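For reference, the chains in residue letters:
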Amino acid sequence: MPPSSPVVDPNLIDSTNVHPSAPADHPILPSDRKRVGQAELQGHDKKRVKLQWPQKENGSAEAAFDDENSSDEEDEVACNRTRRVAEYSVHSSRNRYMQGGSARASHSLDLSTRSLLQSFVSSNKSDVFKCHSIHSRLFVNIPYACSYSNAAKRGSTPHLAVATEQGTVDIFNTSRRDDWDVDPQRVTVQPHENGIFDVKWSPSDTHIATASGDHSIRITSLESSVPSQGRTLHVLRGHEGTVKSIAWDPTHDGTVLCTGGRDGWICLWDLRVGERTESGDIAPVLSIPKAHDLGGKAKAKPARGKLVSGAPLQGITHLLYTDTHPYGVVSSCSSDGILNLWDVRLPSASKPTKGKKTAKQQHPKPLFTSADPTTYGGSRRGRGITTLALGGGPTAAVVFALGIDSRVHSYHLPSLTALSGHTLSTTNAAAANPDDPHAFSDSRMKTNSFYVRMATSPCGRWLATGGVAQGRVYLYDVSAAARADAAGRVGRGAAVELRGQTGEVGAVDWAENMLATCADDGTVRVWRPDVDVISRCRSDPEEMRWHWTWSTDA
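A brief structural summary. One numbering rule holds for all chains: residues counted from 1, following each sequence as written. Given that this is a predicted model, residues contribute local features only at a pLDDT of at least 70 and side-chain atom pairs are listed and counted only at 80 or more, while totals for whole chains, interfaces and linings are drawn from all residues. Each side-chain value is derived from all of the structure's non-hydrogen atoms; neither hydrogens nor water enter the calculation.

## Focus: the overall build of the chain
Starting at the N terminus, helices and strands are each numbered in turn, a helix being any DSSP run of H or I of at least four residues and a strand any DSSP run of E of at least two. Secondary structure summary: the chain contains nine helices and 32 strands in total. Contacts are assigned to residue pairs with any non-hydrogen atoms lying within 4.5 Å of each other. The long-range share in the chain, meaning contacts at least 24 apart out of those at least 6 apart in sequence, stands at 59%.

## Thoughts on the sheet that holds strand β25 (residues 454-456)
Strand order in the open sheet formed by four strands is β25-β26-β27-β28, with antiparallel pairing between adjacent strands. Since the sheet does not close on itself, it has two edges, and those belong to β25 and β28 (496-499), each with one partner. Looking at each pair of strands side by side, their axes are set apart by 20 degrees on average, direction ignored. Judged from the four bridges that link them, strand β26 (residues 462-465) and strand β27 (residues 472-477) form a sheet pairing that is antiparallel. Bridge pairing in β27 links W462 to D477. Only strands that DSSP links by at least two bridges are regarded as paired with each other. Lines fitted to C-alpha atoms define the axes, with helix axes restricted to the stretch in contact, and inter-axis angles between N-to-C directions lie between 0 and 180 degrees.

## A look at the sheet that holds strand β15 (residues 316-321)
Strands in a sheet are paired, the pairing made by backbone hydrogen bonds, and the direction either parallel or antiparallel. Pairing within the open sheet is antiparallel, and its four strands lie in the order β15-β16-β17-β20. Of all strands in the sheet, those bounded by a partner on one side alone are β15 and β20 (368-369). Pairing between strand β17 (residues 340-343) and β20: two bridges, direction antiparallel. Counterpart to L341 in the pairing with β20 is F368.

## Examining the environment of A397
Along the chain, A397 turns up in the loop between β21 (385-390) and β22 (398-403). It is 5.2 Å that separates the C-alpha atoms of A397 and L413, two residues lying 16 residues apart in sequence. Excluding residues within four positions of it along the chain, A397 makes contact with Y411, H412 and L413.

## Comments concerning the side chain of R461
Structurally, the position occupied by R461 is in the loop between β25 and β26. Among the polar contacts made by the side chain of R461, one reaches the side chain of D477 at a distance of 3.5 Å. N or O atoms closer than or at 3.5 Å make up a polar contact, with two conditions inside protein: a donor-capable atom paired with an acceptor-capable one, and, for residues adjacent in sequence, both atoms drawn from side chains.

## A short note on the pairing of β21
For every residue, the accessible area obtained with a 1.4 Å probe (protein chains only) is divided by the maximum for its type, and the residue is called buried under 20%, exposed over 50%, and partly exposed between those limits. In terms of residue burial, β21 counts as a mostly covered element, since five of its six residues are buried. Strand direction decides the pairing type here: β21 and β22, joined by five bridges, are antiparallel. Counterpart to T387 in the pairing with β22 is L402.

## Brief notes about the nonpolar core
In these notes, a set of buried Ala, Val, Leu, Ile, Met, Phe, Trp, Tyr and Cys residues joined through side-chain atoms within 4.5 Å is what counts as a nonpolar core. Ranked by size, the top nonpolar core spans 16 residues in total, and within it F120, L475, W510 and L515 carry the most contacts. When residues of this core are traced back to their parent elements, those giving at least two are α5 (114-117), β26, β27, β28, β29 (505-511) and β30 (514-519). Per-element accounting of this core gives the leading share, three residues, to β29. With sequence-adjacent residues up to four places away left out, W510 is seen in contact with F120, Y148, K153, A455, T456, S457, P458, W462, L463, A464, L475 and L515.

## So, the environment of V524
With respect to the element layout, V524 can be found in strand β31 (residues 523-529). A relative accessible area of 0% means that V524 is categorised as buried. Placed 350 residues apart in sequence, V524 and T174 show a C-alpha to C-alpha distance of 10.0 Å. Discounting residues that sit within four places of it in the chain, V524 has contacts with D127, V128, F129, C131, L160, V162, Q501, A516, T517 and C518.

## A word on the side chain of H292
Within the element layout of this structure, H292 appears in the loop between β14 (286-288) and β15. On the basis of relative accessible area, H292 is assigned to the buried category, the value being 8%. Discounting chain neighbours no more than four positions away, the residues touching H292 are Q314, I316, S331, S332, C333, I338, L339 and N340.

## Overview of the packing of aromatic side chains
Paired rings are identified among Phe, Tyr and Trp, the last through its six-membered ring, by centres lying within 6.5 Å, and are further divided according to the angle between planes into stacked (under 30 degrees), edge-to-face (over 60) and tilted (the rest). Under the definition given, this model contains nine aromatic pairs. Relative to F440, the ring of F400 lies with its centre 6.3 Å away and its plane at 65 degrees, an arrangement referred to as edge-to-face. Of this pair, F400 sits in strand β22 while F440 sits in the loop between α7 (428-432) and β25, and the two are 40 residues apart along the sequence. F440 shares its class with F400; the two are buried. Chaining the aromatic ring pairs together yields one cluster made of F120, W462 and W510.

Structure (structure tokens):
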């Protein structure tokens, strides 16, 4: 029998968790929830997930060699290992090129890796993970966000944290395994009673930070020595709306982080010196109110009884630290494509003006503010940004931004110069499809939802985005995005489409040699490049479709 339902704090309940149906071209507001909220579940039992932290990882290729079985079994394991290494020979060569080498290797960067992106496959059994519901009446627990550990991005054990609408976080080991292997052990924690919209690993991977619809941020320990009842170390409160994004300071391991919320505020937290409230919660050490409301003048008060349209929502949708500025944080908002770069040590304020209003607190100003590439030179209204992603390797000086206009725009650091959105031909034919070499889009890609995310690969060469329908994911080669001669070669070709889930694919993230995608059907699917498997899938698709899913873009 499941235990009785615990008492839920009514302050943690989001009563606006049912979103109305919207047309396909209408953006879904970030505050809307995808299903019935927690309020309807208070009278029902909850099925708690037992928290178990694995002490030892099994099933890896290295563990197989330590098993002293018969010589025939050892030979079989060795052959399988050799075959898998051969499968990634092309991928390993690409990584060596990205790390530098001879002039011939550098010249090979001009070659497109579209064929390698087309080799991404996913097993229908061993590469699919299910997010279990903690409520007896619900069978699907929708994942809202996912994040690979920092070690996974460097090639170590691929631990994936998946945050869900029910306030839980599942930790999966997504290492390659055979279809007949048992499911790997998972770790499940529940830091919130409301949906979690972002989850991020600390730089040393010992803690995770979660941002929730209950207006709080919680720091959870993942160390095995910490008892399950004491894993929540800190509760951070300072936002007046849903917290949408988290960014850890890479120079202060597990102690300093920034958050952005639907209230438009950016908060800086220092877990070492942060002031605590009467309830023991930590308050922010620095706040930037209305970070993207820099327009200035307020609208005149309308006449009595007259209805006017409200101001566009300017909630913070994403934050990230940059390598070009030691204390720089880039922010995006939900109303337009303008990015701001802040010095979070002390945001500069505008100069005081003469008069009686000099005592009024001055609004902080960012170091740099970008143009809005989503307006295309003022030809249309601005579109909001859902996700930011920092480039690496050949795109180290580029910030990518996914807009609800179904385009990936690019900006150059540190000045945040908008590279995309400036070229618009005067001919009617070109006006319908603007020639924008620094933007990435596909006629099949629809991202007009703030749940749809984007991520760049650890090598900085590839980019993946989700989609609003039919379980679609899109892959791009963005290695030439920062080059001055990119015109005519960047953003023109169609993306590589992957389709292996149902509903909206929102959260995506990369680790070394793999991509994780999360969908509304409650599943997490892992994709990997495998030249041998994709060859067999194309030669015998009727047979292989029972076991594998792959891209049909030849």
